[in-house]
Amino acid sequence: MEDEIVSVIPIHYSDLLSPNVHVHQFPLLSRPLQIPPSAATSGKRIRARIKAVARKVEIQVPADTRPGIWNQDKSKQFGVARLEDDREKNQEGSSAKQRDGEEPRLTEVRLQSEQIPQQGVYMLGVIRDDRLHLVPVSETHQFRPTLTYLDLTSRKSGRSKGGAGTDSDSDDYPPDPDEPVPVVAAAKKEKKPAEGKEVQMSARKLVEDRNNSIQGGMSAIRREMLLAMRAVEEEPWQAIEFCDSGTEESNQVFQSILSDDKERLECKTGIATLLKSIRGL
């Protein structure tokens, strides 16, 4: 039994906001991204910044710092760690400005985006007055909390547990898995004369050359990844204004999605051309 057609509504397509329509996904389940009531009462607000070249966005949401649910001691510890982490990454000035002599505290949650490749063409649809308004989506971003300051805290705790003799070792980076493992000289022992064995030098050389080429290729890939990560870190953040859904600015942008243009669009693509353009068919 076929589904009954309930109604037929016209479709309005507009690319007036293109390429500035993005989909932002947050790990918040069903609740919206909003400032806690305690932070709103104290005059705090959500702030945002962007790295245009790296296509990264960061949203800083004030935390709920009520004494019953917020650990002030941990806030001080992590606040110092985040400040040092920002200095290491040349991101000083990213947090809210502190007063002279004020101890740094962790009072916000940072959500940083990762651009997700789009499979096909995404559309944002809004139904208003029995009309479907479609706007193309240019980018999709997934936001996750940034907790890099915990790595700095872990390094500090490792140095304190290891003692003064391990300070230099704990500051080193972990070994590169692509580099050959250094050979450790074993203690010399008196060996018994061994019988001569035949060795295929040509086969061994072929295996070594193959391993070296693989290691060289992996090292090149690793270098490219490190250069890309360094470029992202070195690009400065640019502050942008965050407008909540209840602001007048957001309402104006939302109204611009609704198109009043009544010009009819004609489809000039045949069904055969459409099917050929679909991957996997």
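Small disclaimer: the values here were computed from a predicted structure and weren't measured. (Residues numbered from 1 in each chain as written. Predicted model: local features only at pLDDT ≥ 70, side-chain atom pairs only at ≥ 80, totals over all residues. Heavy atoms only, no water.)

Colleague: With reference to specific residues and values, describe the sheet that holds strand S7 (residues 132-137).
Modeller: Ordered by their spatial adjacency, three strands build an open sheet running S1-S7-S6, and the pairing between neighbours is mixed. This sheet does not close on itself; its edge strands, each paired only once, are strand S1 (11-13) and strand S6 (122-127). For this sheet, the mean angle separating the axes of adjacent strands, direction not counted, is 30°. Where S6 and S7 come together, six bridges link them in antiparallel fashion. Within the sheet, the bridge partner assigned to Val 126 lies in S7 and is His 133. (Pairing = 2+ DSSP bridges. Helix = DSSP H or I, 4+ residues; strand = E, 2+ residues; numbered from the N terminus. Axes fitted to C-alpha atoms, helices over the stretch in contact; angles between N-to-C directions.)

Colleague: So what about the pattern of salt bridges? Which residues, and what values?
Modeller: Counted under the stated rule, the structure contains eight salt bridges. The shortest N-O distance in the salt bridge between Lys 56 and Glu 114 comes to 2.9 Å. On the criterion of sequence distance, the pair formed by Lys 56 in strand S4 (residues 56-62) and Glu 114 in strand S5 (residues 108-116) is long-range, its members being 58 residues apart. Since its relative accessible area comes to 13%, Lys 56 is described here as buried. A residue is classified by how much of its surface remains accessible, and Glu 114, at 42% relative accessible area, is partly exposed. Look at the salt bridges and you will find they share partners, linking Arg 47, Arg 82, Asp 86, Glu 108 and Arg 110 into a network. (Salt bridge = Lys/Arg side-chain N within 4 Å of Asp/Glu carboxyl O. Buried < 20%, exposed > 50% of the residue type's maximum accessible area, 1.4 Å probe, protein only.)

Colleague: Which residues make up unusual backbone geometry, and what values go with them?
Modeller: At the junction of Ser 18 and Pro 19, the peptide bond is cis and its omega measures out at 5° in the coordinates. Note on placement: Pro 19 falls in the loop between S1 and strand S2 (22-25). Even without glycine at this site, Asp 129 takes up a positive phi of about 55°. With respect to the element layout, Asp 129 can be found in the loop between S6 and S7. Positive phi is not limited to glycine here, since Asp 130 has a value of about 60°. Tracing the chain through its elements places Asp 130 in the loop between S6 and S7.

Colleague: Which residues make up the side chain of Glu 235, and what are the values?
Modeller: Topologically, Glu 235 is positioned in the loop between helix H5 (201-234) and strand S9 (238-240). In this structure, Glu 235 is buried with no salt-bridge partner, the nearest side chain bearing the opposite charge being Lys 51 at 6.0 Å. At a separation of 3.2 Å, a polar atom in the side chain of Glu 235 contacts the main-chain amide nitrogen of Ala 52. (Lys, Arg positive; Asp, Glu negative; His and termini not counted. Polar contact = N/O pair within 3.5 Å; in protein donor to acceptor, adjacent residues only side chain to side chain.)

Colleague: Would you mind going over the confidence of the model for the protein in detail, with residue names and values included?
Modeller: Per-residue confidence for the protein gives a mean pLDDT of 79, with 74% of residues at or over 70. Per-element averaging of pLDDT across the protein places helix H4 (residues 167-170) at the bottom with 45 and S7 at the top with 94. Across residues 164-173, confidence stays below pLDDT 50; counting only partners more than four residues off in sequence or on other chains, it has four contacts. (pLDDT = per-residue confidence, 0-100. Contact = heavy atoms within 4.5 Å.)

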